[in-house]
Amino acid sequence: MGVVLRHAVLVDLDPPGVQEGGLRLDGGFIASRGGVNAEPGDTVVDCGGAVVLPGLVNGHTHLYSSLATGMPPPRTAPTSFREILERVWWRLDQALDADGVETSARVGSLDAVRCGTTTLIDHHASPNFIVGSLDAVERGADEIGVRIVQCYETTDRHGPDGARQGLEENRRYLDKCARRRDGRYAAMAGAHAAFTLERQTLEELGALASVFEAGVHIHVAEDACDEQEIRRRFGMSLLDLLEQTGILRPASILVHGTHLDADAMPLLREHTPTVAHNPRSNMNNAVGYAPVAEFPCPVILGTDGIGSDMLTEARFAWFKARDSRASLSGEHVLAMLAGAARRASQALGVTLGRLEPAAAADVVVTDYVPTTPLTAENVFGHLVFGLGPQFAKDVMIGGRWVMQDRRMVTCDEKGIRRRAREQAAAIWKRMELLSE
Ligand SMILES: [Zn+2]
């Protein structure tokens, strides 16, 4: 028994395209596209001429920060990027216990679905609950039904024992996912940022990624301090260090790249890692503009923990580029959105981000009925100036409805939000006790 979506405007992102017609979804995959016929037992949904999108993918996020909304600011306002980390995010991650991690993942996944985002590439940190933390993230996500590609943010800032546990958690989860290969969960090797890691830990992460044929997910040159610190400690550029330690791999995700300069381009061209661009986070931390149009490697769009609303993130990618007078085209922004789905597809072993036969049945039915002509040439214009997250009405992941008529059907949303408020208050209280 399948589901037939009829009378839809199918919008493709990779490459941009528009087709009036329908989809038949069966067994967790798209069975057919175009003028589809219902088979006996199928459920038929009339989309009323509204846009249907492939499920969106967040190319870089931190589900652990889902309970940070409205969090009290630090007593002393940060004056640099490093102080933002020390006074805000490194206190929040230290305050997380097993329940806090699971609840954060559940709430972040729920909010993602509400915006039509069905897969998250997550970068997790909880230094006082490392071993088993990726299973806790998975439990939270599982209740909602999203797909996750995740890793633990290994760092040496809590000493060698903390680094060892981070490495071990990555190894454990890489092994778990390699055995399972279910298309729902996949693993990468995770690192915070080179400036908080020792060379040996970076080498071990590179080796781990090599053994599991995975990538390393790491923040790179988010602020100028990353490059400066590496030059001071190792007498070489940040990307040279990442190359020497085996981190610069085609499957790796380098997050931000805000301060990568012309010298970095040959290494990006040679090793073709993916760069994750997070315009809202870069604006919020005032770290500058990442020259994404100049990167000679795939670039994907992420939120860096500011929710999982990819349509809004795409708008910011556009507006920020315009404001910075950067030469970024609308097609480039669409490619970053589509690129996140491509990257997640490689990790998960299923085709995401495409409305075509054999791709995963991850679809977003909107109630956006275009009021101006919508064609392959102006998909971007509709995404930036018309079709926002508020139009996401029904969301299906792997053939299962997760949201219908804006109601979550896989979980008790009110109960989750009530319990999350209690958890958030407890986490914020624990944060107060941590020195800034
Ligand atoms: Zn990040």
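Residues numbered from 1 in each chain as written. Predicted model: local features only at pLDDT ≥ 70, side-chain atom pairs only at ≥ 80, totals over all residues. Heavy atoms only, no water.

K.L.:
Residue-level account of the pairing of strand 12 (residues 253-256), with values.
P.N.:
Two elements, strand 11 (residues 216-220) and strand 12, share four bridges in a ladder whose sense is parallel. Counterpart to His217 in the pairing with strand 12 is Ile253. Sheet topology note: the strand 12/strand 13 (residues 274-277) ladder contains three bridges and is parallel. When the sheet's bridge partners are listed, Leu254 is paired in strand 13 with Val275. Each parallel crossover has a hand, and the one from strand 12 via helix 8 (residues 265-271) to strand 13 is right-handed. (Pairing = 2+ DSSP bridges. Helix = DSSP H or I, 4+ residues; strand = E, 2+ residues; numbered from the N terminus. Right-handed = clockwise from strand over helix to strand, strands pointing away.)

K.L.:
Which residues make up the side chain of Arg147, and what are the values?
P.N.:
Position of Arg147 among the secondary structure elements: in strand 8 (residues 147-152). Judged by relative accessible area, Arg147 falls into the buried class, the value being 5%. (Buried < 20%, exposed > 50% of the residue type's maximum accessible area, 1.4 Å probe, protein only.)

K.L.:
Which residues make up the pairing of strand 6 (residues 56-61), and what are the values?
P.N.:
Remember that side chains alternate between the two faces of the sheet whenever the strand is regular. Most of strand 6 sits inside the fold, with six of its six residues counted as buried. Here four bridges tie strand 6 to strand 7 (residues 117-124), and the two strands are oriented parallel to one another. Paired with Leu56 across the bridge in strand 7 is Thr117.

K.L.:
For the pattern of salt bridges, give the residues involved together with the corresponding values.
P.N.:
A full pass over the atoms with the stated rule returns 35 salt bridges. With a shortest N-O distance of 3.4 Å, Arg171 and Glu168 are connected by a salt bridge. Here Arg171 and its partner Glu168 are both found in helix 4 (residues 159-180), three residues apart, which amounts to about one turn of the helix. Overall, Glu168 belongs to the partly exposed group, its relative accessible area being 39%. (Salt bridge = Lys/Arg side-chain N within 4 Å of Asp/Glu carboxyl O.)

K.L.:
Give a detailed account of the domain arrangement of the protein, specifying residues and quantitative values.
P.N.:
By a widely used convention, the size of an interface equals the accessible area lost when the partners come together. In terms of domains, the protein is made up of domain 1 (3-54 + 354-405) and domain 2 (56-348). On a C-alpha basis, the centres of domain 1 and domain 2 stand 29 Å from each other. Of all residues in domain 1, the largest losses of buried area upon contact with domain 2 belong to Phe380, Pro389 and Ile397, amounting jointly to 28% of the total for that side. The tally of links between domain 1 and domain 2 comes to two salt bridges. Among the ionic pairs, Arg342 bridges to Asp14, the shortest N-O distance being 2.6 Å. Here domain 1 and domain 2 share five residue pairs in polar contact (both at pLDDT 80 or more) between them. Mapped by element, the contributors of at least two residues to the side of domain 1 that touches domain 2 are helix 12 (379-385), strand 16 (392-397) and strand 17 (400-404). The dominant element in the side of domain 1 that touches domain 2, judged by the number of residues it contributes, is helix 12, at five residues. Split into classes, the residues belonging to the side of domain 1 that touches domain 2 amount to 18 nonpolar, three polar and three charged. (Domains from an automatic or database assignment. Buried area = accessible area lost by both parts, 1.4 Å probe. Polar contact = N/O pair within 3.5 Å; in protein donor to acceptor, adjacent residues only side chain to side chain. Nonpolar A, V, L, I, M, F, W, Y, C, P; charged D, E, K, R; others polar.)

K.L.:
Can you explain the state of the cysteines? Please cite residues and give values.
P.N.:
The tally for this structure, following the rule as stated, stands at zero disulfides. Left without a disulfide partner, Cys177 is nearest to the cysteine sulfur of Cys151, which lies 11 Å away. The buried category is assigned to Cys177, whose relative accessible area is 6%. (Disulfide = S-S within 2.5 Å.)

K.L.:
Describe in detail the packing of aromatic side chains, supporting the description with residues and values.
P.N.:
For the coordinates displayed, the defined rule picks out three aromatic pairs. If you follow Arg280 out to its NZ or CZ, it ends over the ring of Phe316, 5.9 Å from the centre. (Phe/Tyr/Trp six-rings, centres within 6.5 Å; stacked < 30°, edge-to-face > 60°. Lys NZ or Arg CZ within 6 Å of the ring centre and 35° of its normal.)

K.L.:
Talk me through the coordination of the zinc ion; I want residue IDs and the actual numbers.
P.N.:
For the zinc ion, the full set of protein donor atoms is His60 (NE2), His62 (NE2), His219 (NE2) and Asp304 (OD), and the range of their distances to it is 1.9 to 2.1 Å. Of note, the zinc ion draws all its donor residues from one chain, in the sequence arrangement H-x1-H-x156-H-x84-D. On the criterion of sequence distance, the pair formed by His62 in the loop between strand 6 and helix 1 (81-94) and Asp304 in the loop between strand 14 (299-301) and helix 10 (310-323) is long-range, its members being 242 residues apart. For His62, a relative accessible area of 6% puts it in the buried group. The class for Asp304 is buried, based on a relative accessible area of 12%. (Donors = N, O, S within 2.8 Å, 3.2 Å for Na, K, Ca; no water.)

K.L.:
Give a description of the environment of Ile427 that names residues and reports values.
P.N.:
Turning to its location among the elements, Ile427 is positioned in helix 13 (residues 413-432). When its relative accessible area of 0% is taken as the criterion, Ile427 is described as buried. Separated by 327 residues in sequence, Ile427 and Gly100 place their C-alpha atoms 7.2 Å apart. Apart from residues no more than four positions distant in its own chain, Ile427 is found in contact with Leu67, Leu92, Ala95, Leu96 and Gly100. (Contact = heavy atoms within 4.5 Å.)

K.L.:
Account for the sheet that holds strand 14, naming residues and giving values.
P.N.:
A sheet is described by the order of its strands in space; here five strands give the open sequence 10-11-12-13-14, paired in parallel fashion. Sheet topology places strand 10 (189-193) and strand 14 at the edges, where each strand pairs with a single neighbour. Averaged over all neighbouring strand pairs, the angle between strand axes comes to 25°, with direction disregarded. Across four bridges, strand 10 lies against strand 11 in parallel orientation. Residue Ala193 lies in a different strand from strand 11, and its bridge partner there is His219. Its contacts with the sheet place helix 11 (residues 330-348) against strand 12, strand 13 and strand 14, and it is angled at close to 95° to strand 14. (Axes fitted to C-alpha atoms, helices over the stretch in contact; angles between N-to-C directions.)

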